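Here is what each chain is made of, one letter per residue.
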Amino acid sequence: MNKINILKYTVISLFLILSSCKKDFLENTSKQNINDAVQFSSDDAADLYLNNCYNGLWKNNNSPDQPDLYTDDCDATYYWPSANWKQGNVTPENIEGFGERAPFHYNTPTSGSGTGFDYDNNSDTYADLTQAYTRIRNCNTFIQQVKKYANNFSKDWMNKRIDEAKFLRAFTYSFLFMHYGGVPIITQPQSRTLVDSSELKVPRSTFEETFNFITSQLDSIVKNNAMPVKYNITSPDAGRATLGAALALKGWIELFAASPAFNATVPAACNGTGASPEQVKLTGFGDYDINRWAKAAATNKQFIDSFGATKKYQLFTDLAKFWTEENEYNSEVIFDRQHLANSMWSNFSCWGGGPVHVHNKNAKGEIVDDKLNWGNYDPTEELIDDYSMANGKHIEEAGSGYDPQKPYVGRDPRFYMWVVYDGAPYKLDWMTFTDTIYYRINKVHPELNELDFRTDDRSNTGYNSRKRVNPKVEQSGGGVLTVKTDGLNYVFFRYAEVLLNYAEAQNEATGPDATVYDAIDQIRIRAGIPTLEATYGTLSKDQMRDIIHRERRVELSFENKRIYDIIRWRIAEVVLNETLHAMVIRNTSPSDNSGVWHYQVDTLRFNNKEHYHVFLNKMYLLPFSQQAINRNSKLIQNPGY
Amino acid sequence: MKHVKFYDLVLNFCRSNPYLFIKRFFLFIIFLAVFLLPQEIYGQEKTYTIDLQNVKIKDVFKVIEGQSAYRFFYNTELNEINKVITISVKDASIEDVLNKLFSSTDLSFTVLKSNNQIVIAPKGTTGKQHTVKGSVSDNVTSEPLIGVNVVVEGTAKGTNTDINGEFTLEVPGDNTNLNISYVGYISEMISVGTQTSVVIKLNPEVKKLDEVVVVGYGTQKKTSITGSFATVKGSQVSESPVANISNSIAGRVSGISMRPKGGQPGQDNPDIHIRGIATTGNNAPLIVVDGIIRNNINQIDPSTIESVTVLKDAAAVAPYGMGGANGVILITTKSGKSGETTLNFSYYFGIQTPTVYPKMLNAKDYMTLSDSAANSNSNQYLIANYDRLHAQDPDKYPNSNFYNDVSNLSVPIQNYNMQLIGGNEKIKYFAGLGYFQQDGMFENLGYTHYNFNLKLETQATTTTKVYASVLGSIEKIKSTSDDALWILWNSVKFIPTDPMVYSNGLWGASQGFSPEGSIKAGYNNCRANTLMSSISIEQQLPFIKGLSIRGTFSYDPTDSTTKNWSIPTTYYQFDTSLAPANRVFSKNTGSTATTLTETLKQSANYTYQAYLNYANTFGKHEITVLGVAEARQSTVSSFFASNEFPIIRVDELSLGGSNTAKFGVGGGSSTGSQVGYVYRVGYNYSNKYFIEAAGRYDGHYTFAPGKRYGYFPSYSAAWRVSEESFLKDRFAWLYNLKIRASWGKSGNLPYINGQLAEFQYLNGYTLYPNRGKTFPAYVFGNTPVSGSYIPQESNPGITWETSTKTNVGFDLGLWKGLVNFEVDYFHEDRNNMLIPPSTTVPIEYGITLALDNSGVMTNNGVEVSLNSSYKFQNGIEVGLAANYSYAKNKVIKSTYDPTGQSTPPELLAGKPFGTQFGYHSLGYFSPAEDIAEIDPKNRKHKISVPDDMIDTCDGYYVKQFGILRPGYIKYADLNHDNKIGVEDFTVIGNPTYPSTTYGFTPSIGWKGFDLSLFFQGAAGASISIANFQSQPFSNNKSNTGYEYYNNYWRRDRQNATYPRLDAPLSSNNTQVSDFWLRNSDYLRLKNLIFGYRVPAKILKYIGVKALRAYFSGQNLLTFSKVKFIDPEEASLPVFQGKYYYPLQKVYTFGVDVTF
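Residues numbered from 1 in each chain as written. Chains lettered and ligands numbered in written order. Predicted model: local features only at pLDDT ≥ 70, side-chain atom pairs only at ≥ 80, totals over all residues. Heavy atoms only, no water.

Visitor: Would you mind going over the side chain of Ser-469 of chain B with me for this structure?
Guide: With respect to the element layout, Ser-469 of chain B can be found in strand S26 (residues 464–479). If we skip the residues at most four places from it in the chain, Ser-469 of chain B touches Asp-290, Leu-454, Lys-455, Met-532, Ser-533 and Ser-534 of chain B. (Helix = DSSP H or I, 4+ residues; strand = E, 2+ residues; numbered from the N terminus. Contact = heavy atoms within 4.5 Å.)

Visitor: Help me out: how do you make sense of the confidence of the model for chain B in this one?
Guide: Any residue range with low pLDDT should be treated as having predicted coordinates unsuitable for detailed reading. Residue and element names in this part refer to chain B. On average, residues of chain B score 84 in pLDDT, and 92% of them reach the 70 mark or higher. Contacts from residues 1–15, a stretch scored under 50 in pLDDT, to residues over four places away or in other chains number 16 contacts. Overall, residues 37–44 carries pLDDT values under 50, and its contacts beyond four positions in sequence, including any with other chains, amount to nine contacts. Predicted as a complex, the structure gets a pTM of 0.76 and an ipTM equal to 0.90. (pLDDT = per-residue confidence, 0-100.)

Visitor: Is there a simple way to think about the confidence of the model for chain A in this case?
Guide: Chain-level pLDDT for chain A is 85 on average; 83% of the residues reach the 70-or-more range. Residue range residues 107–123 of chain A is modelled with pLDDT below 50. Its contacts to residues more than four positions away, or to other chains, number 45 contacts.

Visitor: Honestly, the pattern of salt bridges in this entry has me stumped. Any pointers?
Guide: A side chain of one charge can pair with a side chain of the opposite charge when the charged atoms of the two come close. All names here are of chain A. Counting across every chain of the model gives 69 salt bridges over all chains. Note that Arg-553 and Asp-386 form a salt bridge whose closest N and O atoms lie 2.8 Å from each other. In this pair, Arg-553 is assigned in helix H17 (residues 541–555) and Asp-386 in helix H12 (residues 381–386), connecting sequence segments 167 residues apart. The same class applies to Arg-553 as to Asp-386, namely buried. (Salt bridge = Lys/Arg side-chain N within 4 Å of Asp/Glu carboxyl O. Buried < 20%, exposed > 50% of the residue type's maximum accessible area, 1.4 Å probe, protein only.)

Visitor: Please explain empty space enclosed by the protein as it appears in this structure.
Guide: Where empty space is left becomes clear once a probe the size of a water molecule has been rolled over the atoms. All names here are of chain B. Size it by volume and the largest cavity reaches roughly 240 Å³. Val-242, Asn-247, Asp-268, Gln-1114 and Leu-1143 are the residues nearest the centre of the largest cavity, which is lined by 19 residues in total. Broken down by secondary-structure element, the contributors of at least two residues to the lining of the largest cavity are strand S58 (1106–1120) and strand S59 (1144–1154). Of the residues in the lining of the largest cavity, the class split is eight nonpolar, eight polar and three charged. (1 Å grid on protein atoms, 1.4 Å probe; cavity = no way out; pocket = protein on both sides within 12 Å on 5 of 7 lines; lining within 4 Å. Points joined across faces, edges and corners; volume = space filled by probe spheres on them. Nonpolar A, V, L, I, M, F, W, Y, C, P; charged D, E, K, R; others polar.)

Visitor: How should I be thinking about the sheet that holds strand S20 (residues 305–311) of chain B in this particular structure?
Guide: Backbone-to-backbone hydrogen bonds pair the strands of a sheet. The strands run either parallel or antiparallel. All names here are of chain B. Taken in spatial order, the five strands line up as S15-S20-S21-S18-S19 in an open sheet, and their pairing is mixed. Each edge of the open sheet carries a strand with a single partner, namely strand S15 (229–233) and strand S19 (292–293). Bridging between S20 and strand S21 (residues 328–333) involves six bridges; their strand directions are antiparallel. When the sheet's bridge partners are listed, Val-308 is paired in S21 with Ile-331. (Pairing = 2+ DSSP bridges.)

Given below as structure tokens:
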């Protein structure tokens, strides 16, 4: 073989090598990443993304620091953020972050947070800007993409789902509105690559603009009429947003905004906090207008007349069984956060509710002191006192029949349903016998549920709440945190609240007319106490206001409503600056319990000192975190911070 | 961007599919090998056509050399070759050509076809075949040398010396040369002539300068190297009884440091770093096995390693492009050798025992400490009588200790190895079999490793070489179903007054945890099969002298099966009120279900390489050129299935329960690809001045289209000063002095949390795992539904880290290489590290921003190594190898929170990565500081009575953590805000990784005895000593160590090591602070070997060529200020539900036999 032959072969071979080069060798497919076109290719595919938007609904049940703990209704152990907030410790620096016990944030840093499937952890917040705007962006993305790929969807589906996303967005904004006042309103997913970085900084809308945005969004949803009023209880869609949810939210936000804290020349948060005129506009309307009450009354009336009268929504008769899995999504429930045992479980049965300790019998029949949950709901004597007597009268009213040494005799039936008190019989579905719970300072048999004013997890007040506790859930003694069997939903809105909203707004707008009496009476009758007429006859507007406020406090107790009430009524500065009280029960012969058990209302204590509370006017609203301000120079801070 | 254009031109043809190009190139090589010069194989002799007039004979040689693979060998002093002749032949055989050529001369020739040599000698000197007898001995000691290879030059004919160092050999003629070679000696070539008896004295090898070193994509002569390399022999790294060399390489050569991850069998792979850490991203070096990028350092049996080369500077790593910035470890496995076949068998057996293990309190001391904490005397009676009670009823009054009761502190380790090495000029082979087995500290732990290797090298034609290699590994890692480190964590804190193991052998529990129960609660066994196979063909291209091409294809499949069998933990209880005789032990079974999960992972890597090599010498000019095109592809797939076993508990998936809700299944797959074009061009003049350019144009699928290719060039130069005549002639002691310098760029792929950050450029939705079954997105109508989410904003601009490295150094050899130094200084700038974005968007933006390439770091250091050995006249041989490496990095720009505690990332700027931050402690509060007590009735009025509390009444206004008492730690309030918080964080210690690593190995040998000591040390790291041993009752009444018990603060012992005792432990005293940090500097005798080589005189009676027996000890001695924990290991976290598995001290005995 000579050189020429070699060259010939070489050239032919190289030609073969170099030919047929088509695909890019470095092109690999990522199967983990689904692109827009696939994600929004059909109704079912797009539903997957909206499901994640629903996942963004607040998981109040999974927080140990329920918003009720921020009020005069409850006292909890010292280490929760609420205890920090109640001492006036709220600043732009501590509002965000894990270590500093920021108010309305209970957040355990977890690697999975943000991806949506971390509900077994205790990650939840009520007012976190980062989480709220992530949820808003998700809804914005959904609306934008569905419109972009409109041809891929059925019209019916599209109308309904866009309204659902709009509702979820308005719902998120409503929490921001209640905690911050006016906030930046963003209705499109922002993009760094499309706009200049300065355009990403959106200033706060005023209180009124934010209010108008939320209510007009909800209004358009109701008018659009794409969603059902309420799903059938057996529907596979039960749990989705409905017209009922949209209208109830609208009625509530209108009531909230019409209230004295905001419907005023000087909004509550601006009183004595050196607010600028700009801040006034961000934190309230800056004037008083009685028509705001009328508007709220009208919306709630609309609900009662169009949804209530048609029996789509009505009060659920068996109040004692309201918070059970059998009665989820009952006729009274307007909107609730879904939970399901073992896959999307609730932690509430270990955080909240009933007694901390039950002395249980073990297999050998011995009594053992079993810790069943952390008992974070310690109702104050102030709340307990607002539970009227069975005869409908308040304990301080003449003829109530209240005996301070028999304080738990003859009370409003709701007291026995929802409160665990000294001597209360206690039996959950799984318990084999009915236990009796004591909150006594017992020197003879210490350790068994005695009220000790100590710093541990036992009740600090002599009471616990049992509302919303799932009676089916059996916790393992001690290891309560790992329980995953609680599937009870968290109710955001129920029809009773709409009735209370209406009564309050109507009383303020026009005074106590018959419809006001009727709304309150529906609740009293269902609770099993006499009507207002039977108890009091006629009432003045002011008397009616007191009764509505009290009725609201009791009916909606332990449902995380009180915090927004004491804020909008502008009474937080009163009730949270007063000494709170507990029930102390001692035996007159402590060494052998041979005497009588003496009931005494005493100052709430912590570490043997009076439990210190303070409420400053700035606390009517939260501060924007320093980080939020640093990252958006257009944000104006709330007054006083 | 000129270079990109250049490459565009070159690659224009096929850049769209270089993979196909390289694959076809491989086929092309095969094609060439078959077609080119196959004459010898098929008997078709090559023919020559030469027509030359008036030329010198030696010029004709060149012409023939140009047309063939033949090389002429002759004595240049032969005048006859300069004779001018005329020659004309057509299609003649080589013999015909030569006959004609020498017809008019007194020269004769011999054609050695096997190795393409033509030997020219004066006529008549070829002589007759005759027998030569000879003896070989050591030139220094005159000891006869046994087993020396004596080979007739140019043939495979040869023999070995016998036990007297003597040989007898038939030589073909008087013109014969003998090649004498022996391991450890400089080879000699002698001319036999007519002699019938020769005496040969071999000189011990000192340090060969013409050594060949494995470098990236090839080999290079050590003299011509311009970059920074370190080489360690396989025999050295396999001295330690470890499963993989990761554990034994640090300290052996300069530039490598490591941090162990504990001693758990099969899971003891440490983090290795080359030249320290230069990035906040992935800092692992690239591993290359036999020329293929393979991350298989753990699968290679140390005893099959021929050599390990560590590539350190830019000149060395640039050929690895985006993979090279963290340094490269090249592992070369053993190959066959021509010569006599040897069969080697080696075996060792060892006993492992922890270097240090926690000494926890016994029951009495635990109660004593507990009483002191509670300030009561509740256990006085018990304590006084505990020994008696324990002796009477050990089950009711236990004295539990995990290390005494459950774990086994002396467990075996063993290794068998067989190697067959042999070959001739045509074919060389290596075959190896290995078995390694190691037990763990407790049941259900262990590691077994089988290795099988086969390597073949064939001279297929005179110009074609074929290499084939299969490296196989089967690993079995046995582990407990629960994490073994979690079991250790619980076992160390086990309360000693609770029963661990009863006298009847059943086991108990403390606080619901049972060590024995957990160990027996199933298993987690992994079996991994790895195959590294490759075939490679090298073809000389005779039409250009010195040019060869080579194609390599490698296929590395791996599969692993993990079986996790998790059964409920059981333990036993009894009614303590009953007398021992009446006791019934009741079983307590955990509430969890029995589950079996089987996971199968499969992956395959394909590598295609096309090489072009050129090397030639033109007088004093030498040129080498290397070009490689490389394509790599990977596929990964995994699959798992699980079920619960409510009834029949047999660990087979198909026997599980039928509840479909308990079924689990999942899986996934992915592919990856990379393509690179490597070049290296070297030039040297007169072996004195060297310059080299090397680099890689590299593309990787991780990045967005259009952003996938990067160029990584390097330039280097060296000057062998010692070759300059003005030095060489004047200073005889100066054997070698070479000055080196290099500069270049290399890359590092971006990683996030240990995962390659692939496809970050895509904006995408991720599905909730398991289609909503385990992780539903939401629930509608009480039915879980699945969902999808966008995890983060995409990063279309993601790119690789770039590293710019500069290196200067020199090699110095003195007294004929008796002492050799190598010194290097390096500086590295690392850019484009993936860090949390510093560009901020408003919180309202609503989506997590992707990390971006904006981190900057620098890294500096010095490396020194020294080698020396000397053999005295009396036969005593001493040696010393020592090395020292120092690397210190500095973070210039990073947005990482260095502590994970919301510490401002700016703190890290200008400091080494991994610098530890925390509070600065000012020692203890003293009782003298406790002055006053507050009057509870009138808060303003003070009473000057100490109240055992340090607070504002005592004039201490700083808010620390909870109530403060004398004997508690006082922290510095650095920002003077009267509050200790993250704002007071300051530097409290160095990183947990050492900045300095050094090693030295003195050795001595005499008359068959050898002793070598390998010391290794590290410095510059800080470790936390806070753990169960040093903090009392730190986790729910946990047991405490004697370390604390003997050294805690009391009013009568105020200068104690540890703070005051309290229970529960005050959070004030467990804060991250310099109080708990210690310098972890250590020096450790990593390995001691004492061996004896049985004299050949004895061996000849048992038919064995060589036999050596040895004792070795690992981690025998440690010098460190920290005594109660292993200073190498203590940087691991112990308060996160894991406790470190002790590093092991190993005593081994072994034998090596060669047949």
